[in-house]
2 protein chains.
Amino acid sequence: MHRRSLVASGAVATVAGALAAPHVANAQPRVTWRCAGSFPKSLDTLYGNQEFICRRVAELTDGNFQIRSFAPGEIVPALQVLDAAGSGTVEVGYTAPYYYVGKDPSMTFGTALPFGLNSRQMWSWLYHAGGRELLAPVWREQGVHGITAGNTGAQMGGWFRREIRTVQDLHGLKFRIGGIAGQIFQKLGAVAQQLGGADIYPALERGVIDGAEWVGPYDDEKLGFQRVARYYYYPGWWEPGPTTEFMVNLRHWESLPPTYQKALEAACAEGYCHLVARYDALNPAALRRLVAAGAELRPFPREVMAAFYRAAQELWAEIGARNPRFKQILEHFERFRADQQAWFRVAEDSFAIAMAQVTQPR
Amino acid sequence: MHRRSLVASGAVATVAGALAAPHVANAQPRVTWRCAGSFPKSLDTLYGNQEFICRRVAELTDGNFQIRSFAPGEIVPALQVLDAAGSGTVEVGYTAPYYYVGKDPSMTFGTALPFGLNSRQMWSWLYHAGGRELLAPVWREQGVHGITAGNTGAQMGGWFRREIRTVQDLHGLKFRIGGIAGQIFQKLGAVAQQLGGADIYPALERGVIDGAEWVGPYDDEKLGFQRVARYYYYPGWWEPGPTTEFMVNLRHWESLPPTYQKALEAACAEGYCHLVARYDALNPAALRRLVAAGAELRPFPREVMAAFYRAAQELWAEIGARNPRFKQILEHFERFRADQQAWFRVAEDSFAIAMAQVTQPR
């Protein structure tokens, strides 16, 4: 309705005016893209964020830049999203860069380094401390331009059929976990296994695996893990602030009008705010329901955490020795993390601790 | 150049195609607004965020929606931004809602409730738990539509000329602090004073006041407080996640094309991500420099924190007794906060604590 009144008021370039040339700049080209995603529709949080960003881009461009959202398997399998975007099979993919550490271990910095940064620190590292500049060549080699587009917040440490009391309890443990964190478990004698979401529950139930990590309470609850592996560990030290990414085919990115590039960037930032906020709104009640259904919360013992940390340091040294770029990014990342730890200890964490003290029942 | 290549590839509607009429919808109206801000240019973080959002809106609309940014005093004094936006003197203001608790104490929920939520939880409460819906009538009565647009992260507890060891040390203490938190200090016998940024240092130097809170290390450093009040306390329990807001004159908001409304919302969300991230990137080094220059870091003693918390609860009961809406929002806010505390203790805080343990020098 407002369009008609605006046209009537002469506030817009008319069709006739467009012919006079300068106002052509006002007309936006019609662009239609396909976005292949790595997260199933059952994860309404993560998949919902893909849909939100695509819808937002359309809204920001008066409907002229349309990105159609696809779930894994609809046009591209979950873990081939980067390849599909890099090769131009789709114009853009929505995924977690660390799925592709097999191609390049530096990909992990785009999602989460074990013992790394929380959700707020990740955005700061990427956008205000040089992280994106360090990662740009990593993406470019894969044929994509990356835009940070979401975060789940710190994840849980996963579900175990037996308690983990000592490092010895990890020996021979068959644990469903992906990527680079699986290598850390292996250093401590565990057997890391990659399994798709749908395969985890039956494997746990039949005892094919002894434990599995997925996301956090809200997502985990849907799969019903508490029925077959009741010890629910925290924290998920391998994913303290896992970040999701829109990966845009380079050629398509470069041919996009700047206004549409900005629309995609703004929508992805908005998605970043909303995804973690939605998890925070949903997780507390889900955690309560899980505990009511029999889940037993357990922190990883301090000694076990220390062993994981040492194993991670070993792994970084090994990867760094054969991959100078990984080493360079790691050094930058770790300097930033040390600064953030010192700062958060003063401002954020001291507040959280004080709150726990003043609000506890007397 | 890219437009030409898109046209050549046939991917866009051509100018000739536009003549067929439906593409008139592509043209965007020219809108020019003025934004009056509450934060001085010397706060390049907070004022910079206002400029970023205004620039981003222009970029998202192909330059058609222009918002010109003004610092305090240029057209409107710092603390009259809400009035100016509400009355239509300016189309939009950028400010902190809690400056206006004198008009309505519920305004404080738009920025920060003492002992409230951190930056991530604030966005979650506002957008995913019903906070915005509760605050909408509060804004509407002031003639504005509010859009959450930034966060500083947890602030510091401020600068004191003498150490605060017991609640008695607060008696007669003249402390520069604004708004509703000042009333909490007064309950413990302190004298709360409102002073503009430029007046704080001389007042501290001459002993007119005994202490002052401002923001955090990066902003505080510019004012040089460590030279005249060396004890730097934390945490800033009255501002654990202070939120800034774009307040749009209601009539102007409603007459804005939906595409421009979305542009403003997206730009504000992006500003939210960037502001706190920029603070996180800048604060650690500033804190180091302050300590090197003689600042002595001190946590508020546990007993003092407990007294502040009790005084806050008293104040909420008093305000709630005469203001049912404040009471209603408070109850909603506190339920959400209790959930967040329980959830963060498991996921986020346990990770921060584990990191402090595993990374400490052996």
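Residues numbered from 1 in each chain as written. Chains lettered and ligands numbered in written order. Predicted model: local features only at pLDDT ≥ 70, side-chain atom pairs only at ≥ 80, totals over all residues. Heavy atoms only, no water.

(A) Geometry of the packing of helix H5 (residues 119-128) of chain A against helix H13 (residues 324-346) of chain A. Residues and elements named next belong to chain A. Relative orientation of the contacting elements H5 and H13 amounts to 130 degrees, with a least axis distance of 11 Å. Taken together, the axis directions place H5 and H13 in an arrangement best described as oblique. In terms of crossing hand, the pair formed by H5 and H13 is right-handed. Taking contact as the criterion, the partners of Arg-120, Gln-121, Met-122, Ser-124 and Trp-125 in H5 are, on H13, Ile-329, His-332, Phe-333, Phe-336, Gln-340 and Phe-344. Considered class by class, the residues forming the contact of H5 with H13 number 6 nonpolar, 4 polar and 1 charged. (Axes fitted to C-alpha atoms, helices over the stretch in contact; angles between N-to-C directions. Helix = DSSP H or I, 4+ residues; strand = E, 2+ residues; numbered from the N terminus. Parallel < 35°, antiparallel > 145°, perpendicular 65-115°, else oblique. Left-handed = near helix turned anticlockwise from the far one by under 90°. Contact = heavy atoms within 4.5 Å. Nonpolar A, V, L, I, M, F, W, Y, C, P; charged D, E, K, R; others polar.)

(B) Local environment of empty space enclosed by the protein. Scanning the entire structure with this criterion turns up 4 cavities of 30 Å³ or more. Forming the walls of the largest cavity are Ser-119, Arg-120, Trp-123, Tyr-272, Cys-273 and Val-276 of chain A together with Ser-119, Arg-120, Trp-123, Tyr-272, Cys-273 and Val-276 of chain B. Listed by contribution, the elements that provide at least two residues to the lining of the largest cavity are H5 and helix H11 (258-292) of chain A together with helix H5 (119-128) and helix H11 (258-292) of chain B. Looking at side-chain class alone, the lining of the largest cavity contains 8 nonpolar, 2 polar and 2 charged residues. (1 Å grid on protein atoms, 1.4 Å probe; cavity = no way out; pocket = protein on both sides within 12 Å on 5 of 7 lines; lining within 4 Å. Points joined across faces, edges and corners; volume = space filled by probe spheres on them.)

(C) The sheet that holds strand E6 (residues 174-176) of chain A, seen in detail. Residue and element names in this part refer to chain A. One open sheet holds the 6 strands; their spatial order is E7-E6-E8-E5-E9-E11, and the pairing between them is mixed. Both outer strands of the open sheet, strand E7 (191-193) and strand E11 (296-299), are each paired with one neighbouring strand and no more. Alignment of strand E5 (residues 158-160) against strand E9 (residues 231-234), held across 3 bridges, turns out to be antiparallel. What sits directly across from Phe-160, in E9, is Tyr-231. (Pairing = 2+ DSSP bridges.)

(D) Spotlight on the state of the cysteines. All names here are of chain B. Overall, the coordinates contain 0 disulfides over all chains when judged by the stated rule. Unpaired in terms of disulfides, Cys-35 finds its nearest cysteine sulfur in Cys-54, a separation of 4.6 Å. Summary of cysteine pairing: Cys-268 is not part of a disulfide, and the nearest cysteine sulfur, belonging to Cys-54, is at 8.6 Å. We classify Cys-268 as buried; its relative accessible area is 0%. (Disulfide = S-S within 2.5 Å. Buried < 20%, exposed > 50% of the residue type's maximum accessible area, 1.4 Å probe, protein only.)

(E) Structural view of the confidence of the model for chain A. Taken over all residues, the pLDDT of chain A has a mean of 92, while the share at 70 or more is 92%. Note on residues 1-25 of chain A: pLDDT under 50 across the span, and 29 contacts to partners over four residues away in sequence or across chains. (pLDDT = per-residue confidence, 0-100.)

(F) Here's a closer look at the relation of the copies chain B and chain A. Mapping chain B onto chain A calls for a screw motion: a turn of 180 degrees about the axis and a shift of 0.0 Å along it, with 0.0 Å RMSD after fitting. The operation mapping one copy onto its partner corresponds to a two-fold rotation axis. A shared interface surface links the copies, since 99% of the contact residues of chain B are contact residues in chain A too. (Least-squares fit on C-alpha atoms with pLDDT ≥ 70 in both.)

(G) Seen up close, the interface of chain B and chain A. Each partner contributes to the interface: chain B provides 88 residues, whereas chain A provides 91 residues. Buried surface at the junction of chain B and chain A, both sides included, amounts to about 7800 Å², of which 64% is carbon and sulfur. At the boundary of chain B with chain A, the tally comes to 6 salt bridges. With a closest N to O distance of 2.7 Å, Asp-280 of chain A and Arg-120 of chain B form a salt bridge. The interface formed by chain B and chain A contains 26 residue pairs in polar contact (both at pLDDT 80 or more). At the level of elements, helix H1 (2-9), helix H2 (15-18), helix H3 (44-60), H5, H11, helix H12 (302-322), helix H13 (324-346) and helix H14 (348-358) of chain B are the ones that each hand at least two residues to the side of chain B that touches chain A. Counting residues per element, the side of chain B that touches chain A draws most heavily on H11 of chain B, which supplies 20 residues. (Buried area = accessible area lost by both parts, 1.4 Å probe. Salt bridge = Lys/Arg side-chain N within 4 Å of Asp/Glu carboxyl O. Polar contact = N/O pair within 3.5 Å; in protein donor to acceptor, adjacent residues only side chain to side chain.)

(H) The arrangement of the sheet that holds strand E6 (residues 174-176) of chain B in detail. One open sheet holds the 6 strands; their spatial order is E7-E6-E8-E5-E9-E11 (chain B), and the pairing between them is mixed. Looking at which strands have only one partner, the edges of the open sheet turn out to be strand E7 (191-193) and strand E11 (296-299) of chain B.

(I) Region of interest: the environment of Gly-157 of chain B. All names here are of chain B. For Gly-157, the location among the structural elements is in the loop between strand E4 (144-151) and strand E5 (158-160). Linking Gly-157 and Tyr-231, residues 74 residues apart in sequence, is a C-alpha distance of 10.0 Å. Apart from residues lying up to four places away in sequence, Gly-157 is in contact with Phe-175, Glu-213, Tyr-233, Tyr-234, Pro-235, Gly-236, Trp-238 and Phe-300.

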